[in-house]
Amino acid sequence: MKNLKWPLITSAVSSIGIFTYLLIKQSLTIRSISDTFFIVSLFFLIIGLAMWIMSSGFFDNFQRFMKMHFRFRKKNEPKEFIPFSEIGKAHQLYWLETGGILLIVSIVSLLFYFL
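Reading guide: rules and limits
- Residues numbered from 1 in each chain as written.
- Predicted model: local features only at pLDDT ≥ 70, side-chain atom pairs only at ≥ 80, totals over all residues.
- Heavy atoms only, no water.
- Helix = DSSP H or I, 4+ residues; strand = E, 2+ residues; numbered from the N terminus.
- Contact = heavy atoms within 4.5 Å.
- Expected span 1.5 Å × (residues − 1).
- Buried < 20%, exposed > 50% of the residue type's maximum accessible area, 1.4 Å probe, protein only.
- Arc of directions from axis to C-beta.
- Polar contact = N/O pair within 3.5 Å; in protein donor to acceptor, adjacent residues only side chain to side chain.
- Core = buried A, V, L, I, M, F, W, Y, C linked by side-chain atoms within 4.5 Å.
- UniProt positions renumbered as here; feature names shortened; annotations may be inferred.
- Phe/Tyr/Trp six-rings, centres within 6.5 Å; stacked < 30°, edge-to-face > 60°.

Undergrad: Is there a simple way to think about the environment of F37 in this case?
TA: Secondary-structure assignment places F37 in helix α2 (residues 30–55). Considered as a pair, F37 and I107 are 70 residues apart in the sequence and their alpha carbons are 8.9 Å apart. The residues contacting F37, other than those within four sequence positions of it, are S15, I18, F19, L102, V105 and S106.

In structure tokens, the structure reads:
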């Protein structure tokens, strides 16, 4: 449960923001709730999937090639670089779990819409 603490907090804050937005817009229907939760969950899922793909090491060779061939040479510049696979490893699950929670809420509200 400790691992889901921050994704649950982010999902709750996002849910409050979504309901506030829909109340201000005066379109609080089950369909609009489902659509809005789906769009917000896509935001989190796209960022999480991009971090997951980068952390797999797929772009590391491409990054090394670009750094090696298109770098302006400076005397004090180190030749080492931080590979893409090391950048988002720690936070990719946060984005995927938050997007997954919001997607589940979207699917549940869509089921209520069709009942």
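Let us keep going from here.
Undergrad: I keep staring at helix α1 (residues 5–25) and nothing clicks. Help me out?
TA: It helps to recall that an α-helix has 3.6 residues per turn; residues three or four apart then point in one direction. In this model, α1 (21 residues) spans 30 Å end to end at C-alpha, consistent with the 30 Å of a helix rising 1.5 Å per residue. Considered for burial, the residues of α1 that qualify are P7, T10, S11, S14, S15, I18 and L22. End-on, the buried residues of α1 take up no more than an arc of 140°, which puts them together on one face. Relative to its buried face, α1 has exposed residues pointing more than 90 degrees away, namely W6, V13, I16, L23 and I24. Tucked inside the fold, the buried residues of α1 contact α2 and α5 (92–114).

Undergrad: I keep staring at the side chain of S11 and nothing clicks. Help me out?
TA: If you trace the backbone, S11 turns up in helix α1. Within the local environment of S11, its side chain forms a polar contact with the backbone oxygen of P7, the two atoms lying 2.8 Å apart. Filtering out sequence-adjacent residues up to four positions away, S11 remains in contact with T98, I101 and L102.

Undergrad: I would appreciate a short explanation of α2 in the present structure.
TA: With 26 residues, α2 should reach 38 Å at 1.5 Å per residue; the first-to-last C-alpha distance of 37 Å fits that figure. Those residues of α2 that fall on the buried side of the exposure criterion are S32, I33, S34, T36, F37, S41, F44, L45, G48 and S55. Immediately beyond the C-terminal end of α2, within one or two residues, lies G57, with a positive phi of roughly 95°.

Undergrad: I would appreciate a short explanation of the nonpolar core in the present structure.
TA: A general trend in soluble globular proteins is that nonpolar side chains are found buried together. With seven residues, the main nonpolar core is built from I18, L22, I33, F37, F44, W95 and L102. Where this core is concerned, the elements lending two or more residues are α1, α2 and α5. Among the elements that take part in this core, α2 stands out by supplying three residues, more than any other. Non-local contacts of F44, meaning those with residues more than four positions away in its chain, are made with T10, S14, W95, T98, G99 and L102.

Undergrad: Any chance you could explain the UniProt feature "transmembrane region" (unreviewed entry) in the protein chain here in plain terms?
TA: If you check UniProt for "transmembrane region" (unreviewed entry), the listed places come out as residues 6–24, 36–59 and 93–114 in our numbering. As a span, residues 36–59 carries 83% helix and 0% strand, and end to end its C-alpha atoms are 33 Å apart. In residues 93–114, helix accounts for 100% and strand for 0%; the two terminal C-alpha atoms are 31 Å from one another.

Undergrad: Please explain the packing of aromatic side chains as it appears in this structure.
TA: Two aromatic rings, taken as a pair, are described by how far apart their centres are and by the angle between their planes. Under the definition given, this model contains six aromatic pairs. Relative to W95, the ring of F44 has its centre 5.5 Å away and its plane inclined at 35°; by these criteria the two rings are tilted. Of this pair, F44 sits in helix α2 while W95 is found in helix α5, placing the two residues 51 residues apart along the sequence. For F44, a relative accessible area of 8% translates into the label buried. Three or more aromatic residues link up through ring pairs in this structure, and these residues are F43, F44, Y94 and W95.

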